[in-house]
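# Topology and contacts: notes
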Amino acid sequence: MLSTLATFTTLLVMSHGQSWVPSGDLPVDFTVTFSAPEMVYSVCNQDFTQSARAISVDTTGVAVAPGETANDPTAMTITGAAAGDMHTILMVDPDVPSATVGTKEKPLVHMIITNIANADPTTGTALVPYRGPMPSPCSGDHVYHYLLLKQAAALNLTFGDLPDYTPDCTNHDLAGRCLFEVANFMSSNQLTPVGYVTMVAATDGYVRYEYVNTRGTSEAEACKGLAGYDPCPTSPP
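These notes cover the structure that comes with them. Because the structure is predicted, anything quoted here is derived from the model rather than measured.

It is the rolling of a water-molecule-sized probe over the atoms that shows where space remains empty. Taken as a whole, the largest pocket holds about 450 Å³ of empty space. In terms of lining, the largest pocket is formed by 21 residues, of which the most central are L108, H110, M134, Y211 and R215. Of all the secondary-structure elements, those providing two or more residues to the lining of the largest pocket are β8 (108–117), β10 (142–151) and α3 (205–213).

In structure tokens, the structure reads:
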């Protein structure tokens, strides 16, 4: 009972300013599993070591490092769904530090899988393949929300339809992903939340390494907040 009350309270707190975040107990258990490899990222004049471990995101607020969840999930498990139900999985980040990319109500999409049959996510259609956390330096904690949504029927959606839910997105590289109208997407497609988990991540060595080596960000910018570099701004950029 105490655990249920704590979960309910957490969901209420997290739903502040986010109409699409479900509250209360949901009928289906949903778990996202990762297998993090052992890695060393050399950047910012130091080595960042990542230990190998298995991670199960099976509740709200599971702490992870972006490097640990950079690769596709090794499994996504749906338990307790009724026979014959079809589902959609939606993963979003509402903590993007740019109002032109994502907001609390209109987050950035990291994954969409539709038409999941027999509680088996491998049967679904990946409209947006999984993109792991990449919280920019000095942007604080990001909460990555996974919504398991029950479909009323099979969906006839393609990636080309997603810009209908991102009318405010002007970033061509993020077409169909930025400023995603989650509530509109759910109501327009008759999607009902039945499962919900979240993971929380902040900048790590992997993120800084990727910013420098694949995104062309200067070391001075990517390493902000670390010893020997400029401090983070007092408020997120």
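Moving on, we come to the environment of A54. Tracing the backbone shows A54 in strand β4 (residues 53–57). Judged by its relative accessible area of 66%, A54 falls in the exposed class. Sequence-wise, A54 and E68 are 14 residues apart; in three dimensions their C-alpha atoms are separated by 8.9 Å.

On to the nonpolar core, then. Soluble globular proteins tend to pack their nonpolar side chains together in the buried interior. Counting residues in each nonpolar core, the largest one holds 24 residues, and the members touching the most others are F30, Y146 and M199. Within the residue set of this core, elements represented by two or more residues are β1 (29–36), β4, β6 (75–79), β7 (86–93), β8, β10 and β11 (191–201). Not counting residues up to four positions away in its chain, the partners in contact with F30 are V57, D58, M76, T77, I78, I89, Y146, L148 and V197. Core analysis: the next-biggest nonpolar cluster, separate from the first, contains 20 residues, V92, L149, L155 and F185 among them.

The subject of this paragraph is the pairing of β7. The buried count for β7 comes to seven of eight residues, which makes it a mostly enclosed element. Judged from the seven bridges that link them, β7 and β8 form a sheet pairing that is antiparallel. The residue bridging V92 from the neighbouring strand is V109, located in β8. Here seven bridges tie β7 to β10, and the two strands are oriented antiparallel to one another. Note on β10: the bridge partner recorded for M91 is Y146.

Below, the discussion takes up the pattern of salt bridges. Pairs may arise between side chains of opposite charge once their charged atoms sit close together. Within this structure, the stated rule accounts for six salt bridges. Salt-bridge contacts for D95 lead to K104; the nearest nitrogen and oxygen are separated by 2.3 Å. For K104, a relative accessible area of 42% corresponds to the partly exposed category. K106 is the partner of D168 in a salt bridge, and the nearest nitrogen-oxygen pair spans 2.6 Å. Remark: K106 occurs in the loop between β7 and β8 and D168 occurs in the loop between β10 and α2 (182–188); sequence separation between them is 62 residues. According to the relative accessible area criterion, K106 is partly exposed, its value standing at 24%. Salt bridges here are not isolated pairs; linked through shared partners, they connect K106, D168 and E181.

Let's shift gears to the sheet that holds β11. Strands sit in the order β5-β11-β10-β7-β8-β9 across an open sheet of six strands; the sheet is mixed. Since the sheet does not close on itself, it has two edges, and those belong to β5 (62–63) and β9 (125–128), each with one partner. Pairing of β10 with β11 involves 10 bridges; the strand directions are antiparallel. Bridging across to β11, V143 finds its partner in V200.

Overall, the coordinates contain three disulfides when judged by the stated rule. Across the disulfide from C44 sits C223; the S-S distance is 1.9 Å. Linking C44 and C223, the disulfide has an S-S dihedral of approximately -85 degrees and is accordingly described as left-handed. With C44 in the loop between β2 (39–43) and β3 (46–50) and C223 in the segment after α4 (219–222), this pair connects stretches of sequence that are 179 residues apart. A relative accessible area of 3% places C44 in the buried class. Paired by a disulfide, C138 and C232 hold their sulfur atoms 2.0 Å apart.

Rules used throughout
- Residues numbered from 1 in each chain as written.
- Predicted model: local features only at pLDDT ≥ 70, side-chain atom pairs only at ≥ 80, totals over all residues.
- Heavy atoms only, no water.
- 1 Å grid on protein atoms, 1.4 Å probe; cavity = no way out; pocket = protein on both sides within 12 Å on 5 of 7 lines; lining within 4 Å.
- Points joined across faces, edges and corners; volume = space filled by probe spheres on them.
- Helix = DSSP H or I, 4+ residues; strand = E, 2+ residues; numbered from the N terminus.
- Buried < 20%, exposed > 50% of the residue type's maximum accessible area, 1.4 Å probe, protein only.
- Core = buried A, V, L, I, M, F, W, Y, C linked by side-chain atoms within 4.5 Å.
- Contact = heavy atoms within 4.5 Å.
- Pairing = 2+ DSSP bridges.
- Salt bridge = Lys/Arg side-chain N within 4 Å of Asp/Glu carboxyl O.
- Disulfide = S-S within 2.5 Å.

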